[in-house]
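# Overview (structure and organization)
Below, each chain spelled out in residue letters.
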Amino acid sequence: MTVLAKALAAHIRATGPMSLADYMATCLMDPRHGYYATRDPFGAAGDFITAPEISQMFGELLGLCLAQAWLDQGAPAPFTLAELGPGRGTLMADLLRATRAVPGFHAALRLYLVETSPALRKVQAATLGRGDVTWCDRVEDLPEAPIFLIANEFFDALPIRQFQRDQSGWRERVVGLAGARLTLGLGPETALPDLAHRLEDTRAGDIVETCAPGTAIAGQIGARIATHGGTALIIDYGDWRSLGDTFQAVAAHAPTDPFTTPGAADLTAHVDFEALARAASPAAHTRLTPQGVFLERIGLGTRTEALARGLSGAALDSHLAAYRRLTAGEEMGTLFKVLGLYRAGTPTPPGLET
Ligand code: SAH
């Protein structure tokens, strides 16, 4: 049993079952025993690999996409270049290198990283240098200025709540105890005005998920974009509308039970992109686009060929495997989606045109 499992069981015994959101937040962010607070989970030796860790091309192309959006909106200067949950800082390092050739971009950018984990802030500082980086705990702390922002596999880490449809209302799925074991149960039936529109497309027994921190953050970003201009690229697994239980745990690259090793496994849920797009209004949003389609449209094929020319043997094989992994339908190509937020009345960000 992990230290957190004991602490959570004691808490539930004292105060009753807890929401999935409180459970997830404690497991991921507890300052002493939380998953992100205590380790660097990325890469082959960690628990999972993200797109920027698979290939430098991911961050390079996202950077050029964002720089084009900046040019399309009149190259505002200065502007906020922001990343939410930058992990190891790999994506940002690749983005900065690729955009060096874009006239004026580097001179105008002010770099902000939104990251709560002290352990990962250290890794990011080692990758990017401390010089021109400002770290923030919250999106609210970002300046009131034009903003060009990236969030890859960030929203899936935010705490969700789950509700099970009853005949006429909803019962929350909560974490309780069966003996000493953490287990899921159902709370009392409640009317939830925020889920009224989901009574139309669900039946008794269906589960829907909400992510209040995610919609609050999308609201903050949308308000800045609508007021000052800018673009946000949100990449994650999920769909246009959440339906069903997508709460999942991964440790050492394999799925595991989310309730047996709290704090030692990564916990995530699929992203409900419709909820983010709604919350970001009056910023405009693009069509939700599969990652593979988006990357092909912004030049991944050409970039793959260009880099392949300098490679041979095992290095070439792994470069081509990375290309497949990012784009193939059975890999990340269709599970992962891209949503763009941008200032209404300006050109749609590249690769997300319809
Ligand atoms: N974008 C990176 C890492 C994704 S993992 C990549 O693609 O490799 C999720 C990241 O979000 C981690 O850096 C984690 O510490 C951070 N994070 C999770 N919840 C957060 C929150 N509420 N506020 C800020 N950062 C958070």
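Structure first, text after, so check above.
This report concerns the structure included in the present document. (Residues numbered from 1 in each chain as written. Predicted model: local features only at pLDDT ≥ 70, side-chain atom pairs only at ≥ 80, totals over all residues. Heavy atoms only, no water.)

Applying the stated rule across the entire model yields nine aromatic pairs. Relative to F155, the ring of F154 has its centre 5.2 Å away and its plane inclined at 85°; by these criteria the two rings are edge-to-face. By the burial criterion, F154 is buried, and F155 matches it. (Phe/Tyr/Trp six-rings, centres within 6.5 Å; stacked < 30°, edge-to-face > 60°. Buried < 20%, exposed > 50% of the residue type's maximum accessible area, 1.4 Å probe, protein only.)

Pairing is antiparallel in the open sheet, where three strands are placed in the order β12-β11-β13. Single-partner strands in this sheet number two, and they are β12 (254-256) and β13 (266-268). The sheet shows a mean angle of 40° between the axes of neighbouring strands, direction not considered. Across three bridges, the pairing between strand β11 (residues 248-251) and β13 is antiparallel. Bridge pairing in β13 places A249 opposite L267. (Pairing = 2+ DSSP bridges. Helix = DSSP H or I, 4+ residues; strand = E, 2+ residues; numbered from the N terminus. Axes fitted to C-alpha atoms, helices over the stretch in contact; angles between N-to-C directions.)

This part covers the pattern of salt bridges. One pass over the structure, following the stated rule, counts 14 salt bridges. Two residues, R224 and E144, come together in a salt bridge whose shortest N-O distance is 3.6 Å. Here R224 is found in helix α9 (residues 212-228), whereas its partner E144 is found in the loop between β4 (133-136) and β5 (147-152), with 80 residues between them in sequence. A network of salt bridges, in which partner residues are shared, links E60, D94, R97 and R303. (Salt bridge = Lys/Arg side-chain N within 4 Å of Asp/Glu carboxyl O.)

To continue, consider unusual backbone geometry. The linkage connecting A77 with the following residue, P78, adopts the cis geometry, with an omega of -5°. Its location among the elements puts P78 in the loop between α5 (56-72) and β2 (79-84). The step from S281 to P282 runs through a cis peptide bond, and the omega angle for that step is 15°. In this structure, P282 sits in the loop between α10 (273-280) and β15 (284-285). Of note in this structure, A252 is not a glycine but carries a positive phi near 50°. Considering the arrangement of structural elements, one finds A252 in the loop between β11 and β12. Looking at A252, the relative accessible area reads 56%, which means it is exposed. Even without glycine at this site, H253 takes up a positive phi of about 65°. Take H253: it is sitting in the loop between β11 and β12.

Further remarks concern the nonpolar core. With 41 residues, the main nonpolar core has F58, L62, F79, L81, L111, L233 and F294 as its most contacted residues. For this core, the leading source of residues is α5, giving nine residues. Apart from residues no more than four positions distant in its own chain, L233 is found in contact with L62, C65, L66, L149, I150, A151, L339, P349 and L352. Counting 28 residues, the second largest nonpolar core, distinct from the first, contains I147, A218, I234 and A283. (Core = buried A, V, L, I, M, F, W, Y, C linked by side-chain atoms within 4.5 Å. Contact = heavy atoms within 4.5 Å.)

Our focus in this paragraph is the layout of surface pockets. In this model, the largest pocket occupies a volume close to 640 Å³. Lining the largest pocket are 37 residues, with M29, G85, T116, F154 and L158 sitting closest to its centre. Among the elements of the structure, α2 (20-29), α4 (51-54), α6 (90-98) and α9 are those that each provide at least two residues to the lining of the largest pocket. The biggest single contributor to the lining of the largest pocket is α2, with four residues. A per-class count over the lining of the largest pocket returns 20 nonpolar, seven polar and ten charged. Taken as a whole, the second largest pocket holds about 540 Å³ of empty space. Looking at the lining of the second largest pocket, the elements that each hand over two or more residues are β6 (161-165), β9 (207-210), α9, β14 (271-272) and α10. (1 Å grid on protein atoms, 1.4 Å probe; cavity = no way out; pocket = protein on both sides within 12 Å on 5 of 7 lines; lining within 4 Å. Points joined across faces, edges and corners; volume = space filled by probe spheres on them. Nonpolar A, V, L, I, M, F, W, Y, C, P; charged D, E, K, R; others polar.)

As a structural note, the neighbourhood of the ligand is formed by 18 residues, with M29, T50, G85, E115 and N152 the closest of them. A distance of 2.7 Å separates a nitrogen atom of the ligand from a polar atom in the backbone of G85. Here a nitrogen atom of the ligand sits 3.4 Å away from a polar atom, N or O, in the side chain of T116. In isolation the ligand has 570 Å² of accessible area, and contact with the protein removes 93% of it. With respect to the pocket detection grid, the ligand is positioned in the largest pocket. Each residue belonging to the shell around the ligand can be placed in one class, and the counts come to nine nonpolar, six polar and three charged. (Near = heavy atom within 4 Å. Polar contact = N/O pair within 3.5 Å; in protein donor to acceptor, adjacent residues only side chain to side chain. Areas by Shrake-Rupley, 256 points an atom, 1.4 Å probe, with all protein chains shown as cover. Sits in = over half its atoms within 2 Å of the grid points.)

The interhelical angle for the contact between helix α12 (residues 300-308) and helix α13 (residues 313-327), taken along N-to-C directions, is 170°, at an axis separation of 10 Å. By the criterion of interaxial angle, the relationship of α12 to α13 is roughly antiparallel. The segment α12 lies against α13, with L300, G301, T304, L307 and A308 engaging L316, H319, L320, Y323 and T327. Grouping the constituent residues of the contact of α12 with α13 by class yields six nonpolar, four polar and no charged. (Parallel < 35°, antiparallel > 145°, perpendicular 65-115°, else oblique.)

Read these as layout, nothing more, since geometry by itself doesn't imply function.
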